[in-house]
Amino acid sequence: MLWPVLTDFLKQYQDIHIELSLDSRFSDIVAERFDAGVRLGEALEQDMVAMRVGPDMRLVVVASPDYIAEHGAPKRPRDLAQHRCINLRFNRTGGLYAWELAKGSREVNVRVDGQFVCDDIDLIRRAACDGLGLAFVMENSVRQDIDEGRLVSVLADWCPRFPGYYLYYPSRRQPSAAFKLLVEALQYRD
């Protein structure tokens, strides 16, 4: 999502240097001496300046057509207990992700079970395409698979949109001119 903007920015401002660190931890950007971080809107700290850098997002439950033909499609979140589900393990905590589903004002967190657990989203997507079970993944990461028939979306009415990614940085720090240019370049525009 940010890479096309960063590529253009670095080509335009060849005297500006950027160091990028990718990890899924909730790093303390001040303590670790980063100028800024990128997080989902729901995970932002209160004392930071935050600016949207991407659209709203959505997690979807998907499976291969073969899996659906053999096992059927779940109709309600509680039906997930009767299915093989592909679990995501968090690197930073070691815990398994509880699937967060919502419909209207009803919210449920479902702990799922299955024979495959992984900490890599692309492998989870591939496992779902290969018929190993249901996966709960970002819609944009499987959009092409859905459009081309390798995956089928289920429980769509339980998968609402949520705030996407935001660039955040300390409100008390005086940003440099180069940082201001980068912030302007990264700002999301519909």
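From a predicted model like this one, the values you see are computed outputs, not experimental measurements. (Residues numbered from 1 in each chain as written. Predicted model: local features only at pLDDT ≥ 70, side-chain atom pairs only at ≥ 80, totals over all residues. Heavy atoms only, no water.)

Draft legend 1. Quick peek at the overall build of the chain. Per the secondary structure count, the chain includes 5 helices and 11 strands. Considering only contacts in the chain between residues 6 or more positions apart, those separated by 24 or more positions represent 74%. Counting only carbon and sulfur atoms, one obtains 48% of the accessible surface of the chain, whose full area is about 11,800 Å². Averaging the positions of the 24 positive and the 28 negative side-chain charges in the chain gives two centres separated by 4 Å. (Helix = DSSP H or I, 4+ residues; strand = E, 2+ residues; numbered from the N terminus. Contact = heavy atoms within 4.5 Å. Areas by Shrake-Rupley, 256 points an atom, 1.4 Å probe, with all protein chains shown as cover. Lys, Arg positive; Asp, Glu negative; His and termini not counted. Charge placed at Lys NZ, Arg CZ, Asp CG, Glu CD.)

Draft legend 2. Representation of the pattern of salt bridges. One pass over the full model with this rule turns up 11 salt bridges. A salt bridge links Asp79 to Arg76, with the shortest nitrogen-to-oxygen separation between them at 3.4 Å. Judged by its relative accessible area of 38%, Arg76 is partly exposed. Where Arg150 meets Asp145, a salt bridge forms, and the shortest distance between an N and an O atom there is 2.7 Å. Arg150 gets classed as partly exposed once you look at its relative accessible area, which sits at 34%. The network of salt bridges with shared partners includes Arg58, Glu139, Arg143, Asp147 and Arg161. (Salt bridge = Lys/Arg side-chain N within 4 Å of Asp/Glu carboxyl O. Buried < 20%, exposed > 50% of the residue type's maximum accessible area, 1.4 Å probe, protein only.)

Draft legend 3. Geometry of the packing of aromatic side chains. For the coordinates displayed, the defined rule picks out 5 aromatic pairs. With 5.7 Å between their ring centres and 90° between their planes, Phe90 and Tyr97 make a pair best called edge-to-face. A relative accessible area of 27% places Phe90 in the partly exposed class. Residues Trp99 and Phe136 carry aromatic rings whose centres are separated by 5.2 Å and whose planes lie at 25° to one another, so their mutual orientation is stacked. Of this pair, Trp99 sits in strand 5 (residues 99-103) while Phe136 sits in strand 8 (residues 135-138), and the two are 37 residues apart along the sequence. (Phe/Tyr/Trp six-rings, centres within 6.5 Å; stacked < 30°, edge-to-face > 60°.)

Draft legend 4. Looking closely at the packing of helix 1 (residues 3-12) against helix 5 (residues 177-186). Where helix 1 contacts helix 5, the axes come no closer than 10 Å and their chain directions differ by 140°. The orientation of helix 1 relative to helix 5 falls into the category oblique. Considering how the two elements wind past one another, helix 1 and helix 5 form a crossing that is right-handed. Here Val5, Leu6 and Phe9 of helix 1 lie close against helix 5, whose contacting residues are Ala178, Leu181, Leu182, Ala185 and Leu186. (Axes fitted to C-alpha atoms, helices over the stretch in contact; angles between N-to-C directions. Parallel < 35°, antiparallel > 145°, perpendicular 65-115°, else oblique. Left-handed = near helix turned anticlockwise from the far one by under 90°.)

Draft legend 5. Structural view of the sheet that holds strand 1 (residues 37-40). Spatially, 3 strands are ordered 1-11-2 in an open sheet, and the strand pairing comes out antiparallel. Each of the sheet's edge strands pairs with one partner strand only, and the pair in question is strand 1 and strand 2 (48-52). Geometrically, the sheet is characterised by an average inter-axis angle of 35° between neighbouring strands, direction not taken into account. Examined bridge by bridge, strand 2 and strand 11 (residues 165-170) share 5 bridges and lie antiparallel to one another. By the bridge assignment, Ala50 is partnered in strand 11 with Tyr168. Contacts from helix 5 reach strand 2 and strand 11, with the element oriented near 160° to strand 11. (Pairing = 2+ DSSP bridges.)

Draft legend 6. Representation of the environment of Leu10. Here Leu10 is to be found in helix 1. Remark: the alpha-carbon pair of Leu10 and Phe162, spanning 152 residues in sequence, is separated by 30 Å. With residues near it in sequence (within four places) discarded, Leu10 still touches Ile16 and Ile18.

Draft legend 7. Representation of unusual backbone geometry within the structure. Despite not being glycine, Leu155 shows a phi value in the positive range, around 55°. Here Leu155 shows up in the loop between strand 9 (152-154) and strand 10 (161-162).

Draft legend 8. The pairing of strand 5, seen in detail. Inspection of the sheet shows strand 5 paired to strand 6 (residues 106-110) by 5 bridges, in the antiparallel sense. Along strand 6, the bridge assignment pairs Lys103 with Arg106. Counting the residues in the hairpin turn of strand 5 and strand 6 gives 2 residues, including Gly104, whose phi is positive at 65°.

Note that every value here comes from positions in space, so none of it alone points to a role or purpose.
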